[in-house]
Amino acid sequence: MTDWDAGQIFLGSLRAPYSFLLFICAFLLSIFLTPLVRAIAIRVGAIDRPGPRRVHQAPVPTMGGLAIAAAVLISAWAAFLLPGPVGRLGERPLLGLTFASLPILIMGVVDDRRRLPAGAKLAAQIAAALILVLFDYGVPLLSTPFGGVIHLGLLNIPLTVLWVLIVTNAINLIDGLDGLAAGAVFIASMSLWWVGRSHLDLYVMFLASLLAGSTLGFLRYNFPPARIFMGDTGSQFLGLSLAALSLVENRKGAVSITLLFPLVAMGVPIFDSALAFFRRLAGRQPVFRGDSEHIHHRMLRLGLSPRAAVLVLWYLCFFLGVIGVIVEALPRGYTWFVLILLGMGIFLAFEVLEFVDRRTSRREGNEPPS
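One structure accompanies this document, and this report is about it.

Definitions and cut-offs
- Residues numbered from 1 in each chain as written.
- Predicted model: local features only at pLDDT ≥ 70, side-chain atom pairs only at ≥ 80, totals over all residues.
- Heavy atoms only, no water.
- Axes fitted to C-alpha atoms, helices over the stretch in contact; angles between N-to-C directions.
- Helix = DSSP H or I, 4+ residues; strand = E, 2+ residues; numbered from the N terminus.
- Parallel < 35°, antiparallel > 145°, perpendicular 65-115°, else oblique.
- Left-handed = near helix turned anticlockwise from the far one by under 90°.
- Contact = heavy atoms within 4.5 Å.
- Nonpolar A, V, L, I, M, F, W, Y, C, P; charged D, E, K, R; others polar.
- Salt bridge = Lys/Arg side-chain N within 4 Å of Asp/Glu carboxyl O.
- Buried < 20%, exposed > 50% of the residue type's maximum accessible area, 1.4 Å probe, protein only.
- Polar contact = N/O pair within 3.5 Å; in protein donor to acceptor, adjacent residues only side chain to side chain.

**A short note on the packing of helix 3 (residues 65-81) against helix 4 (residues 92-113)**
- Where helix 3 meets helix 4, the closest approach of the two axes is 11 Å, and the angle between their N-to-C directions is 160 degrees. By the angle between their directions, the pair helix 3 and helix 4 is classed as roughly antiparallel. By crossing handedness, the relation of helix 3 to helix 4 is classed as left-handed. Contact with helix 3, carried on its side by L66, A69, L73, A76, W77 and F80, involves L94, L95, T98, S101, L105 and V109 of helix 4 and no other residues of that element.
- When its residues are assigned to classes, the contact of helix 3 with helix 4 shows 10 nonpolar, 2 polar and no charged.

**With respect to the pattern of salt bridges**
- Taken as a whole and assessed by the stated rule, the structure comprises 4 salt bridges.
- The residue D111 makes a salt bridge to K121 at a minimum N-O spacing of 3.5 Å. Taken together, the residues D111 in helix 4 and K121 in helix 5 (residues 118-134) connect sequence positions 10 residues apart.
- For D111, a relative accessible area of 1% corresponds to the buried category.
- Here K121 makes a salt bridge to D232, at a shortest N to O gap of 3.1 Å. Here K121 is found in helix 5, whereas its partner D232 is found in helix 9 (residues 231-248), with 111 residues between them in sequence.
- Note on K121: relative accessible area 18%, which makes it buried.
- Ionic contacts of the salt-bridge type, sharing partners, join the residues D111, R115, K121 and D232 into one network.

**Concerning the side chain of T233**
- Position of T233 relative to the elements: it lies in helix 9.
- At a separation of 3.2 Å, a polar atom in the side chain of T233 contacts the main-chain amide nitrogen of V109.
- At 2.6 Å, the side chain of T233 forms a polar contact with the side chain of D112.
- Contact partners of T233, with chain neighbours within four places excluded, come to M63, G65, L66, L105, G108, V109 and D112.

**Here's the deal with the packing of helix 5 against helix 6 (residues 156-174)**
- Packing of helix 5 against helix 6 brings their axes to within 9 Å, and their N-to-C directions diverge by 130 degrees. With respect to their mutual orientation, helix 5 and helix 6 come out oblique. By crossing handedness, the relation of helix 5 to helix 6 is classed as right-handed. Contacts between helix 5 and helix 6 involve L122, Q125, I126, A129, L130, L132 and V133 on the former and, on the latter, I157, T160, V161, V164, L165, T168 and N169.
- Across the contact of helix 5 with helix 6, the residue classes tally to 10 nonpolar, 4 polar and no charged.

Structural data, given as structure tokens:
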């Protein structure tokens, strides 16, 4: 039996019913584990206290990402070990994601208890990315706007590391409002599931179902006002998982145009992080130092409540997720053109929001804090 035949058989069983079963499994596990993790966080002192850049007014337990990670990984390995269609897939990609998660989770737990320097976080992210490379995740081929393909060779390694750093830090930086990061990842995961179904990317469908279920379950406790935060433990794990999802198909040598679809679905956090990076660089500030200039901070200063700001940003993520699915169905000759126009539109929207924010702050005689 060829890989294509096996794929067709598997796809028949992994359409909505089996994917929904995986989704429900991760969802229920996340709901069950989150209160346990919350109790552990309180016991060990993993508490996020109010501060100048914080939106919450009272101490909130953090480290909730442990529940998300446990729900994803336990459900994934259970699906492999129990009878079912997932057992027909190779376990190497899941092993890679599991081992890559270890330095991220250890770093996140330590950081949620006492703040780690940026260098330590970066080292853990690079270690996780290199582990993914060892397990055949990567960008071996790069498509061009003109239909050609570039074989990257050894450049595969630094590009894979760079991609993991971009996505991981994008999710980490947008985790500034209750439920924002979890909702954004849920929407991006559902978009990736649909794109994976179209491409017959079986591992993408498998892992995206689990990621969507675990984040939705966590939102039961993280929706404003949150009873627990995911912390760096969660945001870094979710960022790593999304980066890995977009790299899964590339392990078979597929053209890395697939990297662009999660880029569209995660357009809000990635653009917000990119602008923060260049803003701090232009201001000669440490690029990893936090500020109050992210998109959600600006919305709050313009008068939106935290819940309203989250709902608006979820809508933007949903809109971009739908656009990502539509772009996937376009002929490749139109894809780059649409993506460039979309990028220009998002950039303009961010710049207009910044202009309105600063204009309003000047009128009130209070410049936005840096």
